[in-house]
Amino acid sequence: MPVSFEIPTKESQKPEKELKIHYIPAKIDGNGKAEVSKYFENYTEHLGSSEILSNAFRGFPLKGCDFKLPEGKVGVIFRDKDSLKSEDSDRSLKFAGTFNNFTYWNYDTNPSENDALRKTMTALSVMEAVHQPVLD
């Protein structure tokens, strides 16, 4: 199944409002619009005076925090141009925007440096350093 990406030039990109991204540990079998600000973000609370956030999704307790991407990294969002007809059909993805930070959530455990997501971001920095040219 070939995948094509439609990426506009920097000059043709219209400035969009900053995307608010949530990384939730769940599989959602849906691809429509969701009123996240009305049904999810309105119920997000800070736990005490900490940076840890609390909410629930489909009755499951979530604890999360805001996460800033490492310096020099940008997240990119692509959306299907057409509805997916089957798993084997060609896909065409259209650029939808960028982000520099997002909120990630865990089920019932406080976010920590031991989370797979944070370890992955650390690994990216280490790999970048390892592949730098060696100066004499």
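Fair warning: this is a prediction, and the values are worked out from it, not measured in the lab.

A few words now on the sheet that holds strand E3 (residues 45–46). Sheet strands associate in pairs through backbone hydrogen bonding, adopting either a parallel or an antiparallel arrangement. Read from one edge of the open sheet, 5 strands run E2-E8-E5-E4-E3, paired in mixed fashion. Only two strands of the sheet have a single partner each, and these edge strands are strand E2 (22–23) and E3. Pairing analysis gives 2 bridges linking E2 to strand E8 (residues 101–107), with the strands arranged parallel. From the neighbouring strand, tyrosine 23 faces E8, where its bridge partner is tyrosine 104.

Formed by Leu19, Ile21, Cys65, Phe67, Leu69, Phe99, Phe102, Tyr104, Leu117 and Met121, the largest nonpolar core amounts to 10 residues. Within the residue set of this core, elements represented by two or more residues are strand E5 (60–68), E8 and helix H2 (116–130). When neighbours within four sequence positions are excluded, cysteine 65 is seen to be in contact with Glu51, Leu53, Phe102, Thr103, Tyr104, Pro111 and Arg118. Counting 5 residues, the second-largest nonpolar core is a separate cluster that includes Phe40, Leu53, Phe57 and Leu62.

What counts as what
- Every chain is numbered independently, its residues counted from 1 as its sequence is written.
- Two thresholds apply to this predicted model, a pLDDT of at least 70 for residue-level local features and 80 or more for giving and counting side-chain atom pairs, whereas whole-chain, interface and lining totals are computed over all residues.
- Water and hydrogen atoms were dropped before computing side-chain values, which therefore reflect all heavy atoms in the structure.
- Should DSSP find at least two bridges between two strands, the strands are regarded as paired.
- Counting from the N terminus, the helices are the DSSP runs of H or I reaching at least four residues and the strands are the DSSP runs of E reaching at least two.
- As used in this record, nonpolar core signifies buried Ala, Val, Leu, Ile, Met, Phe, Trp, Tyr and Cys residues forming a set joined through side-chain atoms within 4.5 Å.
- Only protein chains enter the accessibility calculation, which uses a 1.4 Å probe. A residue is then buried if its area is under 20% of the maximum for its type, exposed if over 50%, and partly exposed in between.
- Residue contacts follow a heavy-atom distance rule, with two residues in contact if any of their heavy atoms lie within 4.5 Å.

As far as function goes, none of this settles anything; it's purely spatial.
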